[in-house]
Amino acid sequence: MSHEDGPPHGTNAKLVRMANQIATFFHSQPHEDGPAGIAIHINKFWEPRMRGAFFALIEKGGAGFDPLVLAAAPLIKRPHSKEDAIGLGADAARGAPGGKGTAAGESLSEPSMPEPNMPETT
């Protein structure tokens, strides 16, 4: 058995544990909010390198992710390149892609929960 077989260890185990902790919170919320809420949190707070490792574990299988995390995976942004990363250095100075991020006035304290469906008014 190679060191790559079996459950994740080290940094990978920490990613699984962190994702499952997020899912634990969303288990206390309405089920339909869970996947979107997890994805919002991971997209907002996990750097591209972490999301890359997350997807590698998903693709490998057997990592021990909570089923709610697996349901959120299609909603989580895949990292494309370092150019897509939003940071606080040069990225913030020239603005984030698509006009998003703190340089464009977006708050890091925005809700991490999906917005409830509001009835339309006429």
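Just so it is clear, the structure is predicted and the values come from calculations on it, not from any experiment.

Criteria and cut-off values
Sequence order sets the numbering: in each chain, residues are counted from 1 along the sequence as written. Residues qualify for local features only when their pLDDT is at least 70, as the model is predicted, and side-chain atom pairs are given and counted only at 80 or more; totals for whole chains, interfaces and linings, by contrast, use all residues. Computation of side-chain values: all heavy atoms of the structure, hydrogens and water removed. Think of it this way: any DSSP run of H or I at least four residues long counts as a helix, any run of E at least two long counts as a strand, and we number them from the N terminus. When accessible area is computed with a 1.4 Å probe and restricted to protein chains, residues below 20% of their type maximum are described as buried, those above 50% as exposed, and intermediate ones as partly exposed. Throughout, the Shrake-Rupley method with a 1.4 Å probe supplies accessible areas, and for residues the shown protein chains are the sole cover considered. The contact definition used throughout considers only heavy atoms, calling two residues in contact when any of these lie within 4.5 Å. The axes used here are C-alpha line fits, helices contributing only the stretch in contact, and every angle between their N-to-C directions lies in the interval 0 to 180 degrees. Comment on the angle field: the value is read as roughly parallel under 35 degrees, roughly antiparallel over 145, roughly perpendicular from 65 to 115, and oblique elsewhere. Each crossing gets its hand from how the near helix is turned against the far one by less than a right angle, where anticlockwise is left-handed and clockwise is right-handed. We call Asp, Glu, Lys and Arg charged. Ala, Val, Leu, Ile, Met, Phe, Trp, Tyr, Cys and Pro are nonpolar, and the rest, Gly among them, are polar. Working definition of a nonpolar core: buried Ala, Val, Leu, Ile, Met, Phe, Trp, Tyr and Cys residues. They are joined through side-chain atoms within 4.5 Å.

Re the overall build of the protein
Scanning the protein for helices and strands turns up 5 helices and 0 strands. The order of helices and strands in the protein, counted from the N terminus, is α-α-α-α-α. A total of 122 residues make up the protein; the buried ones form 26% of that total. When the accessible area of the protein is evaluated, it comes to approximately 8,300 Å², of which 57% is carbon and sulfur surface.

Overview of the side chain of Arg51
With respect to the helices and strands, the residue Arg51 is situated in helix H3 (residues 48-60). Residues within four places of Arg51 in sequence aside, it is in contact with Ile42, Asn43, Trp46, Ile76, Lys77, Arg78 and Pro79.

Considering the packing of helix H1 (residues 11-26) against helix H2 (residues 34-45)
Viewed as axis vectors pointing N to C, H1 and H2 meet at an angle of 135 degrees, and their least axial separation amounts to 9 Å. It follows that H1 is oblique to H2 by the angle criterion. Considering the relative orientation of H1 and H2, their crossing is right-handed. The residues of H2 that touch H1, namely those facing Ile22, Ala23 and Phe26, are Gly34, Gly37, Ile38, His41 and Ile42. Tallied by class, the residues present in the contact of H1 with H2 amount to 5 nonpolar, 3 polar and no charged.

Brief notes about the nonpolar core
With 20 residues, the main nonpolar core has Ile38, Trp46, Phe54, Phe65 and Ile76 as its most contacted residues. Of all the secondary structure elements, the ones that give two or more residues to this core are H1, H2, H3 and helix H4 (67-72). Tallying contributions element by element places H1 first for this core, with 6 residues. In contact with Trp46, not counting residues within four places along its chain, are Leu15, Met18, Ala19, Ile22, His41, Arg51 and Phe54.

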